[in-house]
Amino acid sequence: MNEPIPVIRAVDCGTAKLLPDVDRERAWLLTVDGAPQSYVDLDEPAHLEFEYVRRLGHVLDCAAPEGEPLAVLHLGGGALTLPRYVAATRPGSRQTVVDSDAPLLDLVAELLPIPEGVGIDVHAADARSWLAQAPDRSFDVLVADVFGGSRVPAHLTSVEYAREAERVLRTGGIYAANLADAAPFDFLGSQLATFATVFEELALIAEPAVLRGRRFGNAVLLASHTPLDTTALARRTAGDAFPARVEHGASLRRLIGDATAVQDTGAVPSPLPPDGAFSIG
């Protein structure tokens, strides 16, 4: 009997647990303080279990022709689900992962190692500090999925941060961020207003129930200097098990309302989720 057993370890952000999936031989769920962080199937890295991760996967799928390598910067690592996905679907891609939780990265490297030679470099560092040192125009896509506990850190919500993100993106590059909020969307509106000061094109992907204010949930913010393929994204997200909508143009302007851009001096973390919003116990 060699059945995998749960692994529990203290990390910088709390208590991490790696829980084996009984239905998939080499699949694992990573949680930190009970909140799901990542799901990885080592035998099928293109499998994306979480809905918001699938939406980020759709963004990556639409960022270039099928199979074409990309240069991708991932701020926030978890168990490296999306880097593994890109490596599997776009061989030859160059990817950089930045996560401040070194013990968590060590746990993932030990128990869920990345195959050698797939072009994924991992750095234990603060996302904003690392970004400030990154070369200009060096990435096609920047994926931001950074949560301190269950909140996006304040220093990753400002105009100054958005300008740094824009600086490292190539012409036509895409910024994609996983955010979380609920009606009246004060945080989400402020983030749209913030990125609208730096990028000409914006879009938002979220479930209708979240957009209608019925519950707290994830929303993927997209920003670029060139038009986003919202038609392709809408088709893909509508076909998911939990369909989402792609909002852009007038609907986004309504969501922004009278929200104003956030500066470093006034930045605050994203709202604290209500009890049980993301926890699995």
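See the structure above.
Owing to the predicted nature of the structure, the values given are computational and were not obtained by experimental measurement. (Residues numbered from 1 in each chain as written. Predicted model: local features only at pLDDT ≥ 70, side-chain atom pairs only at ≥ 80, totals over all residues. Heavy atoms only, no water.)

Considering the overall build of the protein chain
Turning to step 1, where the next piece is worked out: The number of helices and strands found in the protein chain is 9 helices and 12 strands.
Turning to step 2, where the next piece is worked out: Over its C-alpha trace the protein chain gives a radius of gyration of 18 Å, about what one expects of a compact globule, namely 19 Å for 281 residues.
Turning to step 3, where the next piece is worked out: For the protein chain, the C-alpha atoms occupy an extent of roughly 60 × 40 × 40 Å along the three principal directions.
Turning to step 4, where the next piece is worked out: Sorting the 281 residues of the protein chain into buried and exposed places 51% on the buried side.
Turning to step 5, where the next piece is worked out: Considering only contacts in the protein chain between residues 6 or more positions apart, those separated by 24 or more positions represent 69%.
Turning to step 6, where the next piece is worked out: Charged side chains of the protein chain number 23 positive and 38 negative; the gap between the two group centres comes to 6 Å. (Helix = DSSP H or I, 4+ residues; strand = E, 2+ residues; numbered from the N terminus. Rg over C-alpha atoms; globule rule 2.2 N^0.38 Å. Buried < 20%, exposed > 50% of the residue type's maximum accessible area, 1.4 Å probe, protein only. Contact = heavy atoms within 4.5 Å. Lys, Arg positive; Asp, Glu negative; His and termini not counted. Charge placed at Lys NZ, Arg CZ, Asp CG, Glu CD.)

Description of the packing of aromatic side chains
Turning to step 1, where the next piece is worked out: A full pass over the atoms with the stated rule returns 5 aromatic pairs.
Turning to step 2, where the next piece is worked out: Look at Y161 and Y175: their rings are 6.1 Å apart centre to centre, the planes differ by 75°, and that puts the pair in the edge-to-face class. Placement of the pair is Y161 in helix 5 (residues 159-168) and Y175 in strand 9 (residues 169-181), with a sequence separation of 14 residues. Both residues of the pair, Y161 and Y175, belong to the buried class.
Turning to step 3, where the next piece is worked out: Three or more aromatic residues joined by ring pairs form one cluster here, namely Y161, Y175, F195 and F199. (Phe/Tyr/Trp six-rings, centres within 6.5 Å; stacked < 30°, edge-to-face > 60°.)

Brief notes about the pairing of strand 7 (residues 120-124)
Turning to step 1, where the next piece is worked out: Sheet analysis places strand 6 (residues 94-99) next to strand 7, joined by 5 bridges and oriented parallel. Among the inter-strand pairings, V97 is bridged to a residue of strand 7, identified as V122. (Pairing = 2+ DSSP bridges.)

Some remarks on the pattern of salt bridges
Turning to step 1, where the next piece is worked out: Tallied over the full model, the rule gives 14 salt bridges.
Turning to step 2, where the next piece is worked out: A salt bridge links E207 to R55, with the shortest nitrogen-to-oxygen separation between them at 3.4 Å. Within this pair, whereas E207 is found in the loop between strand 10 (201-206) and helix 7 (208-211), its partner R55 is found in helix 1 (residues 51-62), the two being separated by 152 residues in sequence. Each member of the pair, E207 as well as R55, is classed as buried.
Turning to step 3, where the next piece is worked out: Connected through shared salt-bridge partners, R24, D41 and E44 make up one network. (Salt bridge = Lys/Arg side-chain N within 4 Å of Asp/Glu carboxyl O.)

Considering the sheet that holds strand 6
Turning to step 1, where the next piece is worked out: Sheet architecture is open: 8 strands sit in the order 7-6-5-8-9-11-10-12, paired in mixed fashion. The sheet terminates laterally at strand 7 and strand 12 (245-247), the two strands that pair on one side only. For this sheet, the mean angle separating the axes of adjacent strands, direction not counted, is 15°.
Turning to step 2, where the next piece is worked out: By the bridge criterion, 3 bridges tie strand 10 to strand 12 in an arrangement that is antiparallel. Residue pairing in the sheet places L204 in a bridge with E247 of strand 12. (Axes fitted to C-alpha atoms, helices over the stretch in contact; angles between N-to-C directions.)

Here's the deal with helix 8 (residues 230-238)
Turning to step 1, where the next piece is worked out: Taken as a whole, helix 8 has its buried residues at T230, A232, L233 and T237. For helix 8, the angular spread of the buried residues around the axis is 160°, confining them to a single face. Opposite its buried face, helix 8 presents the exposed residues T231 and R235, each directed more than 90 degrees away.
Turning to step 2, where the next piece is worked out: Of the surrounding secondary structure, the elements contacted by the buried residues of helix 8 are helix 1, strand 10, strand 11 (217-224) and strand 12. (Arc of directions from axis to C-beta.)

Comments concerning the sheet that holds strand 3 (residues 27-32)
Turning to step 1, where the next piece is worked out: Pairing is antiparallel across the open sheet formed by 4 strands, whose spatial order is 1-2-3-4. Each edge of the sheet is formed by a strand with only one pairing partner; in this case those strands are strand 1 (7-11) and strand 4 (35-41). Looking at each pair of strands side by side, their axes are set apart by 20° on average, direction ignored.
Turning to step 2, where the next piece is worked out: Two strands pair when backbone bridges link them, and strand 2 (residues 14-20) and strand 3 are joined in this way by 5 bridges, in the antiparallel orientation. Opposite P20, over in strand 3, you have W28 as the bridge partner.

So, the nonpolar core
Turning to step 1, where the next piece is worked out: Core analysis: the biggest nonpolar cluster contains 44 residues, and L73, L75, L142, Y161, Y175, F195 and L221 have the highest contact counts within it.
Turning to step 2, where the next piece is worked out: Non-local contacts of L75, meaning those with residues more than four positions away in its chain, are made with V98, A127, L142, V143, A144, D145, V146 and Y161.
Turning to step 3, where the next piece is worked out: Within the second largest apolar cluster, 28 residues are counted, among which are A27, V86, A203 and V220. (Core = buried A, V, L, I, M, F, W, Y, C linked by side-chain atoms within 4.5 Å.)

Digging into unusual backbone geometry
Turning to step 1, where the next piece is worked out: Following A183, the chain continues into P184 via a peptide bond in cis, with omega recorded as 10°.
Turning to step 2, where the next piece is worked out: Mapped onto the elements of the fold, P184 is located in the loop between strand 9 and helix 6 (186-196).
Turning to step 3, where the next piece is worked out: Backbone geometry at D33 places phi at a positive 55°, although glycine is not the residue there.
Turning to step 4, where the next piece is worked out: Structurally, the position occupied by D33 is in the loop between strand 3 and strand 4.
Turning to step 5, where the next piece is worked out: Here D33 falls in the exposed class, since its relative accessible area comes to 52%.
Turning to step 6, where the next piece is worked out: Of note in the backbone geometry, L80 takes a positive phi value of approximately 65° without being a glycine.
Turning to step 7, where the next piece is worked out: The topology assignment puts L80 in the loop between strand 5 (71-75) and helix 2 (81-89).

What is shown is where atoms sit, not what they do.
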